[in-house]
Amino acid sequence: MDNIQETAKEILDCYSCIDVLINNASMKIKGPLQSVSLELDKKMMDANYFGPITLIKTILPHMISRRTGQIVLVNTIQGKIGVPFRAAYAASKHAIQGFFDCLRAEVEEFDISVSTVSPTFIRSYHVQPQPGNWEASIWKFFFRKLSYGVHPMEVAEEVLSTVSRKKQEVFMANPIPKAAIYIRTFLPELFFAVVATGVKEKHFVEEEK
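Just so it is clear, the model here is predicted, and its values are computed rather than measured.

**Details of the pattern of salt bridges**
Next, step 1: Enumeration over the complete set of coordinates arrives at six salt bridges.
Next, step 2: For E39, the salt bridge goes to K43, with nearest N and O atoms at 4.0 Å. One end of the pair is E39 and the other is K43, both in helix 2 (residues 38-66) and four residues apart, which spans about a single turn.
Next, step 3: Salt-bridge contacts for K80 lead to E169; the nearest nitrogen and oxygen are separated by 3.7 Å. One end of the pair, K80, is in the loop between strand 2 (69-74) and helix 3 (87-107); the other, E169, is in strand 4 (residues 169-172), and 89 residues separate them in sequence.
Next, step 4: Given a relative accessible area of 37%, E169 falls into the partly exposed group.

In structure tokens, the structure reads:
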């Protein structure tokens, strides 16, 4: 955090301008919220929220003065819906999503494009699906990582496409995760019930082990 402004100044001194800023760094943690320390919550916000906005606030005056530029955020679908056991991560992603929504409106008059690319889970090159009766759980049906994740190359290609076409918002998800966003908006009680059921199932499995 302390080096962001200095590093940005070095780049501007070297190249005189920045045409495209892509915010791609992120930190994730998984676990029951009561087991995650407040210190770790703050680190999550630094990496996923305060880091990007510090960089943007450093670069933005130069883009405004030139009346051109593009700012891109590689976010996640968890910027729109919260997934259990990822409270700190989802909170930080909701925060940066809200910031970008405001930023987009505020800089439109300066011809600065603001884009967000939100995949579900990004699939590892090396991880293979594990066998199991996961289809029985509606919650897992919504959020199963390996079934609805996207390949890193797909994300990279979409970011390039977003930059070249100046798209405003992109969701990289199959129909079911996309449907979850609409269900959360229009049928919140159903969404919360489905998520809570998944949490209870998870606790039951852990206690059995």
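**Considering the environment of A91**
Next, step 1: Among the structural elements, A91 can be located in helix 3.
Next, step 2: Relative accessible area serves as the criterion here: at 42%, A91 is assigned to the partly exposed category.
Next, step 3: C-alpha of A91 to C-alpha of M44: the two residues are 47 residues apart in sequence and 9.2 Å apart in space.

Criteria and cut-off values
Residues numbered from 1 in each chain as written. Predicted model: local features only at pLDDT ≥ 70, side-chain atom pairs only at ≥ 80, totals over all residues. Heavy atoms only, no water. Salt bridge = Lys/Arg side-chain N within 4 Å of Asp/Glu carboxyl O. Helix = DSSP H or I, 4+ residues; strand = E, 2+ residues; numbered from the N terminus. Buried < 20%, exposed > 50% of the residue type's maximum accessible area, 1.4 Å probe, protein only.

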